[in-house]
Amino acid sequence: MAHDAHDPLQHPEVRLVNGRAYIAAFIVATALMTAALAVALHGSAVPHAMLVLSGAAALAIAVQIVFLLQLDFSSTQIWTTVSFLLAAPLFVIAVGLSMWMFHSLDARTMLMNLMP
Amino acid sequence: MVNVQGPWSPLLGRLSLGAIPDNPIIAGAFIFSVLLGILVLVYLTYADRWGYLWREWLTTVDHKKIGVMYIIIGLVMLFRGFIDALMMRTQQVLADGAHSPGFLGAAHGYLVPYHFDQVYSAHGTIMILFAATPILVGLMNVVVPLQIGARDMAFPYLNALGLWLTAVGAALVMLSLFLGDFSHAGWVGLTPLTELAYSPGVGTDYWMWAIQISSVGTTLGAANLIATIVKMRAPGMSWGRLPIFTWTALSTNIIALTSFPVLGVALGLLGLDRYFGTHFFTAGLGGNLMLYSDLFWIWGHPEVYFVILPAFGMMSEIIPTFSEKPLFGYVTMVAASFAIAGVSWSVWLHHFFTMGASPRVNTFFSVATMVVGIPTGVKVFNWAFTVYRGRSRFDTPMMWAIGALFMLLVGGLTGMMLAMPPVNYSVHNSVFVVAHFHTMLMVVVYGILGAVSYWFPKVFGFRLNEALGKRFFWSFTIGTIVVFIPMYTSGFMGMTRRLDYLTNPALMPFEIAEEIGIGFYLVSIYYFVRQLYVSLRDRNANRVGADAWGSARTLEWLAPSPVPFYNFAVTPRVHARDELVWRRGQGLEGAAPPRYEDIPMPRNTSVPLAIGALALGLGFGLVWRIWWLTDVSFIAIILTVIARSFVRDTDYVVKAGEVEGIEKRLRQRAAEAARAATSASGIDALRPRESNP
Ligand code: HEM
Ligand SMILES: [Cu+2]
C-alpha cells in the first residue's frame, strides 16, 4: 500500500536519489546542447552536421537514462525500464512514418517552394 | 521576444478596458454567470458551508471526491459546449441563402464570422478536452481504485494536482469569454492561421495555454492511474481477474501518457513562434505548416481512442450486470483494447489524406485505419453475445449502454467509409466528417451517462430516479437522431464544415431539422437536471446497500454505499474474476471481517489548490503577456513544490476501533435503507438476484 506507516525515504525508488549523478547529467546535457546549438548555427562549416546532431542527441538521451532516470533491470526499476523500451516502437512509428510522408510531400505539394 | 500589435504596458501587459467585449450575448452570459456565482456564494455563506467546502472538497486527496469534482467540471463545461452548439445551429438555420435576414450587426444570421469562428473553436476544444476528458478521468478516478481493492490512488497528492491543473485550463477558456476573445482557428488549431501574423489577438494564446496547462494535468493523472493499477491491486487481484473497466483504464492511460507529450511539443513550438518569433509552422521562412498537422494528429488520433476506450470499459461493466451473465470473451476483450491502443498510433494520417501525401502513404494509413475495425468488431460481438440469452433488465444504465452500441455501429461504419482515400477526397472537411465523429463521441457520451447512473449509487448511496432517467435517455436519443441524420445527408450533398453562411438554399430543410433536434437536446437537459433534483429530494427512499443493482459483479460493489473515505475496512482478498458473484455463491455476501485494523491515510493538503491558483496566474500572464505575473507565478510554483517536499507529516492513522464504529453504523444504515426501500416500493428491490455463472 502506498500509505503504509513506513518511512517514505525507505522506498527503493527514493533510495535511488543521487545528487552527484543528477548534477553530472545536468552538466553533460547542457554541454551537449550547447555544442548542438553551435553546430546548428554554423551548419555549413561542420561536415555531416546532421549526423553530428543526431549523435549528440543520442548521447544526451543515453546520459539521461543512465544518470538521471537510472534505468536498469533491477527489481525496482524493471517496470520503468520495460515501459521505456516499449515506448521505442511508438517513437519509430511516429518519426519514421512522418519522415516517409514528408519525404515526397514538398515535391508533391510544391507548397514550400512557393513561399519566400 | 516578439513585438505585438496594439498597446502594451509593463503592469497590465496587453490587458486594457478594450478587452471587455461589448456584445449583448456575451453580456447575457456574463450576467448569468455572475448571478449563478452570487447564488453559490450566498448559499455557502448562509448555510455556513465554507469550512465544509474547504475541508471536504477543496483540500481533499480522496480519489472519490477528486473524481466527483472532475465530473462536475466536465458537466459544467459540457453545458457550456452545448450552448455553443445551440448557437451554431441557430446561426446556420438563420443564415441560409442570399435573402436571409441579419441581426446584431451580422449580414446574415446573428453572428459575425469572427464570432462564429470562435464559437466552433470553443465548442470543439471544450467538448473534447474540458468535457469528455475530465469526466472520463473523473470516472476512472472514482472507480479504478475501488475495482482493484485499493485505499486510494498511488499518488493522492499528485491526483489533486492533476485536478486543479485541469480546472485551470477550463477556467482560462471560460475567462476568454469575458476578457479578450477565444481562438478562431478551430479546435485543431489550423496553421498558419494560428500564427501571430494571422491571429494577432489573445484568442489563440488562450486556446494554446488552456490546453497546454490542462494536458499537464491529464498526463500526471495518466501516470498516477497506471501506477495505481500496476502497484496497488488487492491480494488475489491477478491480471487475469482485473475488471474490464480497469483494463480499459490501463490501456487508455498508456495512450495518454505516450501521446499527450506530442501535443505539448506541437503547442510549445507554436508558442515559440508566437512569443519568440521562430518559424516552425510559418508559411515560408523555413517553416513547415504541414508539420503542425502531422504533430497535432499524432496526438489527435490517439486522443480520440483515449476518450472511447473507457466508454468501452463502461459498456463492458454495465451490460453483464443487467444481463445477469458474465461478460462474453473476457480475454479477447482485453486483447482488443490493447490492439486498439496499439493500432491507434499508426493511423493519424487519415485526418489529412487530402494534404498531398503519395498514394503509397495514403494506402498504408488507409489499411491501418481499417484494421482498427477488427478489434472493435470483436468487442461489438462480445457485447452482443453477452446480452444473448441473458436475463436482460433495461434499467437506465443499460439503456445508455445499448444506445452506445448503436452509435458505435453507425460511427464505425462511416469511419470505414472515410478511411478510403477516394471517398475521403469527396467528403473531407464536409459536415459528413462532423457527423461521423459526433456519432463516435456519442458513444462516449452515452457511455458516460450510463456510467454516471450506474456508479452514482456507489458514490452517493442512493439511486437516480428511474422514470426521469428514461425520459432523459429518450429525449436525448431523439435529439441525436434528428440532428445527425440530416447532418450526414447534407454532408453528402456537399455542405462544408464551419460555415457561418450557407449559399445553397436547398440545405434549408436539413438545417431546420437539426434545429429541431437540438431542441430535443434542450429538453433532455431539462430532464437531467430534474432527475438530479428529484433524486436528491427523494434520496431517503432510494438508498441502496453495497450492491446497488442486486446483480453487480465486480469488487467495487463489495464496499458500502456510499463508500467511506477509506474504501474497504479491511483490504479484500480476491478469489475470482467476478468477485461479487463468487462471494454470493459462497454465501459470503455482506459478511463482516473477523477483525478490524488500523488504516493509514493521506492527509488533506491545500498545496495542489495553491499550485493551481499559481498556474492560473501563469496562464493568464502568458496570454496577456504580463511578464511580472508569469515570472512571479512560475517561481512561486517551483518554490511551492520544493517546500512541499520537506513536509513530512503527510499521513495519519485511523484506529481499528474507529473503523469498526464507522462500519457498524454503515451496516445499520444499509439495513434500514433496505427495509425502507422494500416498504416504499412494495417489492423486494434489493433482493440479490441469482446469476447464472
Ligand atoms: C472504426 C474506427 C474509426 C475510423 C475508421 C475512423 C475514421 C476517420 C477518418 C478517416 C477521419 C478523417 C475524416 C476527414 O477529415 O476527412 C475521421 C475523423 C475523425 N474521427 Fe474517426 N474513425 C474511427 C473512430 C473514431 C473514434 C472512436 C473517434 C472518437 C471517439 C473518432 C473521432 C474522430 C474525429 C474527432 C475526427 C475529425 C476531427 C476533425 O477533423 O476535427 N473517430 N475518422
Ligand atoms: Cu483518427
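Rules behind the numbers
- Residues numbered from 1 in each chain as written.
- Chains lettered and ligands numbered in written order.
- Predicted model: local features only at pLDDT ≥ 70, side-chain atom pairs only at ≥ 80, totals over all residues.
- Heavy atoms only, no water.
- Helix = DSSP H or I, 4+ residues; strand = E, 2+ residues; numbered from the N terminus.
- Buried < 20%, exposed > 50% of the residue type's maximum accessible area, 1.4 Å probe, protein only.
- Contact = heavy atoms within 4.5 Å.
- Areas by Shrake-Rupley, 256 points an atom, 1.4 Å probe, with all protein chains shown as cover.
- Rg over C-alpha atoms; globule rule 2.2 N^0.38 Å.
- Buried area = accessible area lost by both parts, 1.4 Å probe.
- Salt bridge = Lys/Arg side-chain N within 4 Å of Asp/Glu carboxyl O.
- Donors = N, O, S within 2.8 Å, 3.2 Å for Na, K, Ca; no water.
- Near = heavy atom within 4 Å.
- Nonpolar A, V, L, I, M, F, W, Y, C, P; charged D, E, K, R; others polar.
- Patch = residues over 30% accessible without salt bridge, like charges linked within 9 Å, V, L, I, M, F, W, Y side chains within 5 Å.
- Domains from an automatic or database assignment.

**A word on the overall build of chain A**
A count of helices and strands for chain A gives five helices and zero strands. The helix and strand sequence of chain A, counted from the amino end, reads α-α-α-α-α. In chain A, which comprises 116 residues, the proportion classed as buried is 21%. Considering only contacts in chain A between residues 6 or more positions apart, those separated by 24 or more positions represent 45%. Summing over all exposed atoms, chain A offers an accessible surface of approximately 8,200 Å²; the carbon and sulfur share of this is 75%.

**Concerning the overall build of chain B**
Counting secondary structure elements, chain B contains 20 helices and two strands. Taken against the 2.2 N^0.38 rule, which gives 26 Å for 693 residues, the C-alpha radius of gyration of chain B at 25 Å falls within 12% of a compact globule. If you line up chain B on its principal axes, its C-alpha atoms span 75 × 55 × 50 Å. The buried share of chain B, taken over its 693 residues, is 58%. For chain B, contacts bridging at least 24 residues in sequence account for 82% of all contacts bridging at least 6. Carbon and sulfur atoms provide 70% of the accessible area of chain B, an area that totals close to 27,400 Å².

**Here we look at the interface of chain B and chain A**
Contact with chain B, which involves 36 residues of that partner, is made by 25 residues of chain A. Between chain B and chain A, roughly 2,600 Å² of surface is buried when both sides are summed, and carbon and sulfur atoms account for 74% of that area. Of all residues in chain B, B:M290, B:W345 and B:R648 bury the most surface against chain A, accounting for 18% of the area lost on that side. For the interface between chain B and chain A, the tally reads zero salt bridges. If you list the elements that add at least two residues to the side of chain B that touches chain A, you get α8 (289-323), α10 (359-371) and β1 (599-602) of chain B.

**What about the environment of B:V168?**
All names here are of chain B. Positionally, V168 belongs in helix α5 (residues 156-178). Separated by 26 residues in sequence, V168 and T194 place their C-alpha atoms 22 Å apart. Those residues within four positions of V168 in sequence are excluded, and the remaining contacts are I213, G612, A615 and L616.

**A short note on the coordination of the copper ion (ligand 2)**
All names here are of chain B. Coordination of the copper ion (ligand 2) by the protein comes from H301 (ND1), H350 (NE2) and H351 (NE2), over a distance range of 1.8 to 2.0 Å. The motif formed by the donor residues of the copper ion (ligand 2), counted along the single chain, is H-x48-H-H. A separation of 4.4 Å is found between the copper ion (ligand 2) and the iron atom of ligand 1. With H301 in helix α8 and H350 in the loop between α9 (330-343) and α10, this residue pair connects regions lying 49 residues apart in the sequence. Of the residues examined, H301 reaches a relative accessible area of 5% and is grouped as buried.

**Focus on the site of ligand 1**
Residues and elements named next belong to chain B. Around ligand 1, a shell composed of 21 residues is seen, among which W187, N424, H428, H436 and R497 lie nearest. Those elements that place two or more of their residues in the shell around ligand 1 are α8, α12 (396-418) and α14 (431-460). The residue makeup of the shell around ligand 1, split by class, is 13 nonpolar, seven polar and one charged.

**Some details on the coordination of the iron atom of ligand 1**
The protein supplies the iron atom of ligand 1 with one donor atom, B:H436 (NE2), which lies at 2.2 Å. Structurally, the position occupied by B:H436 is in helix α14.

**A word on a nonpolar patch on the surface**
All names here are of chain A. A cluster of nonpolar side chains, contributed by L9, V14, V17, Y22, I23, F26, I27, L68 and L69, occupies part of the molecular surface with about 830 Å² of accessible area. For the nonpolar patch, the secondary-structure elements that each account for two or more residues are α2 (19-41) and α3 (49-69). When residues in the nonpolar patch are grouped by element, the largest group, four residues, is from α2. Of note, V14 is situated in helix α1 (residues 12-15). Overall, the relative accessible area of 33% leaves V14 in the partly exposed class.

**Concerning the domain arrangement of chain A**
Entries for chain A in the domain assignment read domain 1 (17-70) and domain 2 (73-116). Distance from the C-alpha centre of domain 1 of chain A to the C-alpha centre of domain 2 of chain A: 19 Å.

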